[in-house]
Amino acid sequence: MRPALVLRGAARREWGPLLTTVRGALAAEQLRAIPMTITAVCLTGLLQAVQNRSWGFGAVQGLGAVRAEDPLWAALLRTPLSLFVPAPDLPVWGALVQILVVFGTAEICLGRWRTLLIAYMATLAGTLYARIGVALGPDRLLGLPDSDAGVVDTGPSAAVVGLAVYLCFVHRACFTGALVIVAMVVEVVLKNNLAGKEHLVAIAAVLVMCVRVPRRYRSRDQGLRPGANTRSGAPPIRSSNLRRGPTQRTS
């Protein structure tokens with residue numbers, strides 16, 4: 001058997017149901033399938049433009065910049081918006097691409113509210129870890145140096161990593177999920193910075209959430225099979241329901 005055919009078959013098993021679900025939703029509704037994602041991309045771009053102005057930097061930092069040295073109440077209030085404030089040491093296009101691809105896929109497959117919940121919990125876990133790590137000190141296991149208390153903690157990366165792992169779990173894309181986790185471990189080994197450690201904490205928080213995922217969300221058969229027009233044992237999908245995604249709970 002040719003290696004190309006083996007790789008193609010492995011890729012189809014790994015990503016087939018996920019890609020079929022996303023492609024079907026986008027083909028039916030185009031950008032209307034991901035309104036939350038488009039809003040998030042626009043908000044991130046707007047915040048980047050404002051914080052690059054002398055009159056807007058202070059406002060964006062005051063509303064969305066989180067530091068471990070901040071009072072807890074202030075950090076909790078700023079955490080939701082901090083997710084959409086691009087990290088100061090990374091190009092903004094990277095944040096926009098991450099949000100468009102990962103948030104868009106999650107919105108289609110999981111629904112917007114589940115996507116927002118997982119993204120927020122992953123970001124919050126990293127934010128709280130920074131405070132706990134600084135309090136523990138560098139000499140303790142999982143502790144952080146005092147200098148990390150003043151590091152500005154913004155950007156969607158923790159949420160993106162968390163959503164990616166959650167999507168891989170739901171669609172049983174085990175190799176991709178393991179690859180994401182290994183990449184984050186390598187990041188910590190090479191850079192050993194606060195952001196990398198927060199990514200690992202975000203992954204741990206999402207894995208805990210994965211344990212609580214209802215059984216119907218875990219089944220790969222919930223997604224559309226390549227070349228099929230219906231779910232296994234389910235009636236044909238109506239176009240009006242595509243925006244919810246095949247794995248979203250309807251209310």
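Everything that follows concerns the structure shown earlier in this document.
Conventions adopted
- Residues numbered from 1 in each chain as written.
- Predicted model: local features only at pLDDT ≥ 70, side-chain atom pairs only at ≥ 80, totals over all residues.
- Heavy atoms only, no water.
- Helix = DSSP H or I, 4+ residues; strand = E, 2+ residues; numbered from the N terminus.
- Buried < 20%, exposed > 50% of the residue type's maximum accessible area, 1.4 Å probe, protein only.
- Contact = heavy atoms within 4.5 Å.
- Areas by Shrake-Rupley, 256 points an atom, 1.4 Å probe, with all protein chains shown as cover.
- Expected span 1.5 Å × (residues − 1).
- 1 Å grid on protein atoms, 1.4 Å probe; cavity = no way out; pocket = protein on both sides within 12 Å on 5 of 7 lines; lining within 4 Å.
- Points joined across faces, edges and corners; volume = space filled by probe spheres on them.
- Nonpolar A, V, L, I, M, F, W, Y, C, P; charged D, E, K, R; others polar.
- Patch = residues over 30% accessible without salt bridge, like charges linked within 9 Å, V, L, I, M, F, W, Y side chains within 5 Å.
- Salt bridge = Lys/Arg side-chain N within 4 Å of Asp/Glu carboxyl O.

Novice: Please provide a residue-by-residue account of the overall build of the protein, values included.
Specialist: When its secondary structure is counted, the protein shows 10 helices and zero strands. Listing each helix as α and each strand as β along the protein from the N terminus yields α-α-α-α-α-α-α-α-α-α. For the protein, the proportion of its 251 residues judged to be buried stands at 44%. Long-range pairs, those at least 24 residues apart, make up 74% of the contacts in the protein with a sequence separation of at least 6. Accessible surface computed for the protein: about 13,700 Å², of which carbon and sulfur atoms make up 64%.

Novice: Let's hear about helix H5 (residues 92–110): which residues, and what values?
Specialist: With 19 residues, H5 extends 26 Å from end C-alpha to end C-alpha; this agrees with the ideal 27 Å at 1.5 Å per step. The set of residues buried in H5 consists of Gly94, Ala95, Ile99, Val102, Phe103, Gly104, Thr105, Ala106, Glu107, Ile108, Cys109 and Leu110. Two residues or fewer after H5 comes Gly111, characterised by a positive phi angle close to 95 degrees.

Novice: Please provide a residue-by-residue account of the environment of Gly177, values included.
Specialist: The residue Gly177 is located in helix H8 (residues 174–191) in this model. Each C-alpha atom, one on Gly177 and one on Ala164, is 7.3 Å from the other, the two residues being 13 residues apart in sequence.

Novice: Which residues make up unusual backbone geometry, and what are the values?
Specialist: A positive phi is found at Arg172, a non-glycine position, where the angle reads about 55 degrees. Here Arg172 shows up in the loop between helix H7 (157–170) and H8. Although it is not a glycine, Asn192 adopts a positive phi angle of roughly 50 degrees. Residue position: Asn192 is located in the loop between H8 and helix H9 (194–211).

Novice: Outline the side chain of Thr37, listing residues and values.
Specialist: Mapped onto the elements of the fold, Thr37 is located in helix H2 (residues 35–51). The exposure class of Thr37 is buried, given its relative accessible area of 0%. If we skip the residues at most four places from it in the chain, Thr37 touches Ile99, Leu100, Phe103, Gly104 and Glu107.

Novice: With reference to specific residues and values, describe empty space enclosed by the protein.
Specialist: As enumerated under the stated definition, the model contains two cavities of 30 Å³ or more in all. In this structure, the second largest cavity encloses a volume near 40 Å³. As for the second largest cavity, its lining consists of Val66, Arg67, Ala68, Thr127, Ala130, Arg131, Asp148, Val151, Asp153, Leu194 and Glu198. Residue assignment for the lining of the second largest cavity shows that the elements contributing at least two residues are helix H6 (112–136) and H9. No other element matches H6, which puts three residues into the lining of the second largest cavity. When grouped by side-chain class, the residues that make up the lining of the second largest cavity number five nonpolar, one polar and five charged.

Novice: Got a sec to walk through a nonpolar patch on the surface? Specific residues and values, please.
Specialist: On the surface, a nonpolar cluster with roughly 670 Å² of combined accessible area is contributed by Leu72, Leu76, Leu128, Ile132, Leu136, Leu141 and Leu142. Elements represented by at least two residues in the nonpolar patch include exactly helix H4 (72–82) and H6. By residue number, the principal contributor to the nonpolar patch is H6, which donates three residues. If you trace the backbone, Leu128 turns up in helix H6.

Novice: Can you lay out H7 for me, pointing to particular residues and giving the numbers?
Specialist: Compared with an ideal rise of 1.5 Å per residue, which puts 14 residues at 20 Å, H7 spans 20 Å between its outermost C-alpha atoms and is within 8% of the ideal. Counting buried residues along H7, 12 of its 14 residues qualify, which places the element largely inside the surrounding structure. When we look at burial in H7, the residues that qualify are Ala158, Ala159, Val160, Val161, Gly162, Leu163, Ala164, Val165, Tyr166, Leu167, Cys168 and Val170. Backbone geometry just downstream of H7 places Arg172 in the positive-phi region, at approximately 55 degrees.

Novice: Any chance you could break down the layout of surface pockets for me, citing the residues and the numbers?
Specialist: Computed from the structure, the largest pocket encloses a volume of approximately 620 Å³. Along its surface, the largest pocket is lined by 29 residues, and Ala87, Asp89, Leu90, Ser157 and Ala195 are the ones closest to its centre. Breaking the lining of the largest pocket down by element, the ones donating at least two residues are H5, H6, H7, H8 and H9. Partitioned by chemical class, the residues of the lining of the largest pocket number 14 nonpolar, nine polar and six charged. If you add up the space inside the second largest pocket, you get close to 220 Å³. What lines the second largest pocket is a set of 14 residues, and nearest its centre among them are Leu18, Thr105, Ala164, Leu167 and Cys168. Among the elements of the structure, helix H1 (3–29), H5, H7 and H8 are those that each provide at least two residues to the lining of the second largest pocket. Looking at the lining of the second largest pocket element by element, the count peaks at four residues for H1. Here the lining of the second largest pocket is composed, by residue class, of 11 nonpolar, three polar and no charged.

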